[in-house]
Structures are given as structure tokens and as C-alpha cells.
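A closer look at the structure
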Amino acid sequence: MALPRIAAAVVGTAMIATCAVAQPASRGVDPDASVRINQIQVIGTHNSNHAGLLAGIAKLLKQNAPQQTAALDHAHADLATQLNRGIRQIELDIFPDSKGGLYARPLGPRLVAQAGLPADPDPYANGVMLKPGFKVMHVQDIDYASNCQPFTACLKIVRA
């Protein structure tokens, strides 16, 4: 007999507490002031900088590892477009390059040439990969085309 009363008391207390928390706006309190970090949700993109596989590398990978290629073969719009469309969480994969040039000659183009496939255009013909600074890419040797490069350029887009 005591157990149902205790259960009813617990349920009643929980309901009162829920009602008290759920109605801050009705008491003139700003509802945003009571939002907890675990209650926040934003729309985001994974590998936000990903510009997609270059055509030759994609063809080479499809021939040799079709299932892995499917996981890599996607692209996002540039960061400014994503942010203008409401994206509020981005993920950028960064790689340190304190002296510059560490990622300037990826293995992918050599593998494409060895397979007799047409060469891909260099996505960084402007020499950005030769300069020091964090680089932004997904996989260093095969999935390195990014919609912003270097990391500081990505940050400028986010700031703007």
C-alpha cells in the first residue's frame, strides 16, 4: 500500500518540476537564458571542406577499391555557401606543415599516371601548398582537394 503512494508522490513531484522548467517565458524570463548546452542543436556538415575526389583519382580508386571509393566520393559547396544556407557547425581536417611543401606532391597523381589515366588538374596551381601553415584536406595523398586552403583562408571565410 505504501509503494503506490510513493510512486504517485514521485510522479507528481516530477510533473511539477517539469512544468516549472517548461514555463520560464510565462513568468517574463528569457527562454534562451535557460537553455543548457545539451539542449542546443545546429545543422552541420561533416568534412565541410571536402571538394570531392579528382576525376583520375576517383577512376583509379573505383577500379581498385570500389567500396572505399563510395565513402570518399562526395563533395560540399564552398564554406561561404554552406554558412549562407544555415550551416552552423563545420568540420575541417587540418594537417600541420610548418615549413611548407609537405603536402605539395601527393601520391595520387603519380598513381594515376602509372595507371595510364589522364592527369587531373592541380587544384592548387597557385602554390599555396608550398607555403608554411596548416593545410585542409581529407586524406593527404588521394583526397586532398579542398574548397578552402590553407586553414587561415577557411577561418577568414567563417569570420566573414
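The rules behind these values
- Residues numbered from 1 in each chain as written.
- Predicted model: local features only at pLDDT ≥ 70, side-chain atom pairs only at ≥ 80, totals over all residues.
- Heavy atoms only, no water.
- Helix = DSSP H or I, 4+ residues; strand = E, 2+ residues; numbered from the N terminus.
- Buried < 20%, exposed > 50% of the residue type's maximum accessible area, 1.4 Å probe, protein only.
- Areas by Shrake-Rupley, 256 points an atom, 1.4 Å probe, with all protein chains shown as cover.
- Axes fitted to C-alpha atoms, helices over the stretch in contact; angles between N-to-C directions.
- Parallel < 35°, antiparallel > 145°, perpendicular 65-115°, else oblique.
- Left-handed = near helix turned anticlockwise from the far one by under 90°.
- Contact = heavy atoms within 4.5 Å.
- Nonpolar A, V, L, I, M, F, W, Y, C, P; charged D, E, K, R; others polar.
- 1 Å grid on protein atoms, 1.4 Å probe; cavity = no way out; pocket = protein on both sides within 12 Å on 5 of 7 lines; lining within 4 Å.
- Points joined across faces, edges and corners; volume = space filled by probe spheres on them.
- pLDDT = per-residue confidence, 0-100.
- Core = buried A, V, L, I, M, F, W, Y, C linked by side-chain atoms within 4.5 Å.

**Thoughts on the overall build of the protein**
- Regarding its fold elements, the protein presents 6 helices and 4 strands.
- Each helix (α) and strand (β) of the protein, taken in turn from the N terminus, gives the series α-β-α-α-α-β-β-α-β-α.
- Relative to its 160 residues, the protein shows a buried fraction of 29%.
- Per element, the accessible surface of the protein, about 10,700 Å² overall, is 60% carbon and sulfur.

**Some details on the packing of helix α2 (residues 55-64) against helix α5 (residues 107-114)**
- It is at 9 Å that the axes of α2 and α5 come closest, and there the two elements cross at 65 degrees. Judged on the interaxial angle alone, α5 and α2 are roughly perpendicular. Note that α2 runs across α5; the crossing there is left-handed. Of the residues in α5, those touching α2 at Gly56, Ile57 and Leu60 are Gly108, Leu111 and Val112.
- Split by residue class, the contact of α2 with α5 holds 4 nonpolar, 2 polar and no charged.

**Focus on the layout of surface pockets**
- In this structure, the largest pocket occupies an estimated 230 Å³ of space.
- Around the largest pocket, the lining comprises 16 residues; the ones closest to its centre are Ala104, Pro106, Asp122, Pro123 and Tyr144.
- Among the residues making up the lining of the largest pocket, the classes are represented as 13 nonpolar, 1 polar and 2 charged.

**Concerning the confidence of the model for the protein**
- Looking at the protein as a whole, its pLDDT mean stands at 85, while 83% of the residues score no less than 70.
- A low-confidence stretch, residues 3-24 stays under pLDDT 50, and its non-local contacts, those more than four residues away or across chains, total 3 contacts.

**Comments concerning the nonpolar core**
- Residues Leu53, Ile57, Met129, Met137 and Tyr144 are the most contacted members of the largest nonpolar core, which totals 17 residues.
- It is α2 that contributes the most residues to this core, 4 residues altogether.
- Excluding anything up to four places from it in sequence, Met137 contacts Asn49, Asp93, Phe95, Tyr103, Met129, Asp143 and Tyr144.
- Judged by nonpolar contacts, the second largest core, of 5 residues, contains Leu79, Leu92, Cys148 and Cys154.

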